[in-house]
Amino acid sequence: MLIGALSSGTISDWAGRKKTIVVSIAVFSLASAVCAVAVTLGVFSLGRFLAGLGLGGLLPSAITLVSVYAPRGRGALIVGSLMTAHQAGGIVAGFVALWTGDWRVSFWICVIPLFVGVPLAVGYLPESLTFLQAKGRTEEARALADRYGVEAPDATPGEKRPAGTERWGAVAALFRGGLWVQTLFFWPASSADSCSSTASPSGCPR
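Values in this document were obtained by computation on a predicted structure and should not be read as measured data.

Asker: Mind showing me how you'd approach the overall build of the chain here?
Answerer: When you go through the chain residue by residue, the secondary structure sums to 11 helices and 0 strands. Along the chain, helices (α) and strands (β) appear in the sequence α-α-α-α-α-α-α-α-α-α-α when read from the amino end. A buried classification covers 31% of the 206 residues belonging to the chain. Here the chain has roughly 12700 Å² of accessible surface; of this, 69% comes from carbon and sulfur atoms.

Asker: Mind showing me how you'd approach the packing of aromatic side chains here?
Answerer: The relation between two aromatic rings is expressed through the spacing of the ring centres and the mutual angle of the planes. Under the definition given, this model contains 4 aromatic pairs. Here phenylalanine 44 and tryptophan 103 contribute two aromatic rings whose centre-to-centre distance is 5.5 Å and whose plane-to-plane angle is 85 degrees, an arrangement assigned as edge-to-face. Taken together, the residues span a long stretch of sequence, with phenylalanine 44 in helix α3 (residues 41-69) and tryptophan 103 in the loop between α4 (75-100) and α5 (104-109) at a distance of 59 residues. Overall, phenylalanine 44 belongs to the buried group, its relative accessible area being 17%. Their ring planes at 65 degrees and their centres at 4.9 Å tell us that tyrosine 69 and tyrosine 148 sit as a pair that is edge-to-face. With a gap of 79 residues between them, tyrosine 69 in helix α3 and tyrosine 148 in helix α9 (residues 138-148) connect regions that are remote in the sequence. In this structure an aromatic cluster arises from ring pairing among Phe44, Trp103 and Phe107.

Asker: Help me understand the nonpolar core, please; the structure alone is not making it clear to me.
Answerer: The nonpolar side chains of a soluble globular protein tend to be buried, and buried together. Core analysis: the biggest nonpolar cluster contains 18 residues, and Tyr69 and Leu129 have the highest contact counts within it. Of all the elements in the fold, those that place two or more residues in this core are α2 (17-37), α3, α7 (117-124), α8 (129-134) and α9. Considering every element that reaches this core, the biggest residue donor is α3, with 5 residues. If we skip the residues at most four places from it in the chain, tyrosine 69 touches Pro126, Glu127, Leu129, Leu144, Tyr148 and Val150.

Asker: Which parts of the structure should I look at to understand α9?
Answerer: In an α-helix there are 3.6 residues to a turn, and that puts residues three or four apart on one side. For α9, the full list of buried residues reads Thr138, Ala141, Leu144 and Ala145. For α9, the angular spread of buried residues about the axis comes to 130 degrees, placing them on one side. For α9, the exposed residues lying more than 90 degrees away from the buried face are Glu139, Asp146 and Arg147. Summarising the contacts, the buried residues of α9 are in contact with α3 and α8. At the exit of α9 stands glycine 149, carrying a positive phi of roughly 70 degrees.

Asker: Any chance you could explain the pattern of salt bridges here in plain terms?
Answerer: When the charged atoms of two side chains with opposite charge come close together, those side chains can pair. Enumeration over the complete set of coordinates arrives at 2 salt bridges. Residue glutamate 140 pairs with arginine 137 through a salt bridge whose shortest N-O separation is 2.9 Å. Judged by relative accessible area, glutamate 140 falls into the partly exposed class, the value being 36%. Glutamate 139 is the salt-bridge partner of arginine 142, the closest N and O atoms lying 3.5 Å from each other. Pair noted here: arginine 142 and glutamate 139 are both in helix α9, with a separation of 3 residues, about one helical turn. On the basis of relative accessible area, arginine 142 is assigned to the partly exposed category, the value being 45%.

Asker: Help me out: how do you make sense of the state of the cysteines in this one?
Answerer: Under the counting rule described, the total for this entry stands at 0 disulfides. Distance from the sulfur of cysteine 110, which forms no disulfide, to the nearest cysteine sulfur (cysteine 35) is 8.8 Å. Judged by its relative accessible area of 24%, cysteine 110 is partly exposed.

Asker: Explanation requested: the side chain of serine 32 in the structure shown.
Answerer: In this structure, serine 32 sits in helix α2. Overall, the relative accessible area of 2% leaves serine 32 in the buried class. Serine 32 has contacts with Phe107, Cys110 and Val111, leaving out every residue within four places of it along the chain.

Asker: Help me out: how do you make sense of a nonpolar patch on the surface in this one?
Answerer: On the surface, Trp168, Val171, Leu174, Phe175, Trp180, Val181, Leu184 and Phe185 cluster together to form a nonpolar patch covering roughly 810 Å² of accessible area. Of all the secondary-structure elements, those providing two or more residues to the nonpolar patch are α10 (164-173) and α11 (179-198). Among the elements that make up the nonpolar patch, the one with the highest residue count is α11 (4 residues). By secondary structure assignment, the location of valine 171 is in helix α10. Owing to a relative accessible area of 36%, valine 171 belongs among the partly exposed residues under this scheme.

Thresholds, definitions, all that
- Residues numbered from 1 in each chain as written.
- Predicted model: local features only at pLDDT ≥ 70, side-chain atom pairs only at ≥ 80, totals over all residues.
- Heavy atoms only, no water.
- Helix = DSSP H or I, 4+ residues; strand = E, 2+ residues; numbered from the N terminus.
- Buried < 20%, exposed > 50% of the residue type's maximum accessible area, 1.4 Å probe, protein only.
- Areas by Shrake-Rupley, 256 points an atom, 1.4 Å probe, with all protein chains shown as cover.
- Phe/Tyr/Trp six-rings, centres within 6.5 Å; stacked < 30°, edge-to-face > 60°.
- Core = buried A, V, L, I, M, F, W, Y, C linked by side-chain atoms within 4.5 Å.
- Contact = heavy atoms within 4.5 Å.
- Arc of directions from axis to C-beta.
- Salt bridge = Lys/Arg side-chain N within 4 Å of Asp/Glu carboxyl O.
- Disulfide = S-S within 2.5 Å.
- Patch = residues over 30% accessible without salt bridge, like charges linked within 9 Å, V, L, I, M, F, W, Y side chains within 5 Å.

Following this line, the structure appears as structure tokens:
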């Protein structure tokens, strides 16, 4: 998940948030199928690794789009709901495994987004406004902003990502003033989040 999350930004700058989300859903679903049919620890581990890549790449891109298109004043609520749904899915997976007596069922359920989520995302998911602006598709960005009632970002075609020094400055800003306390608390919370999402459906790896 860490590798997928760190890579999603660079990939989405090149291909767009929408394509990144679609591909991430497909990778996660297909990898879950690999886990469901695995008969050896090696195959299962490979499936889990690929599923982690997909899920890690999906969450940041999804959160970004939700933040952009959420109604004014409700962004935090909707992003929180997204993250809560992520955790709820991990909890439900464990109950499904216990209820059915077969942990593979939980992984087969994770294949459903390939046939439902991917078509819906391709057909209805809007592209990131910042990506459209950076690619010179200003009119398309304005049309989407008007359609969803959000403000189009100010950007010029071909806008580049911040330089390395500017990025480090943004990271350093997370520790200025009293923000360092929240930043340090978010790290273990995020680590626990990753551990819970990668735990086996039955609760103990076998």
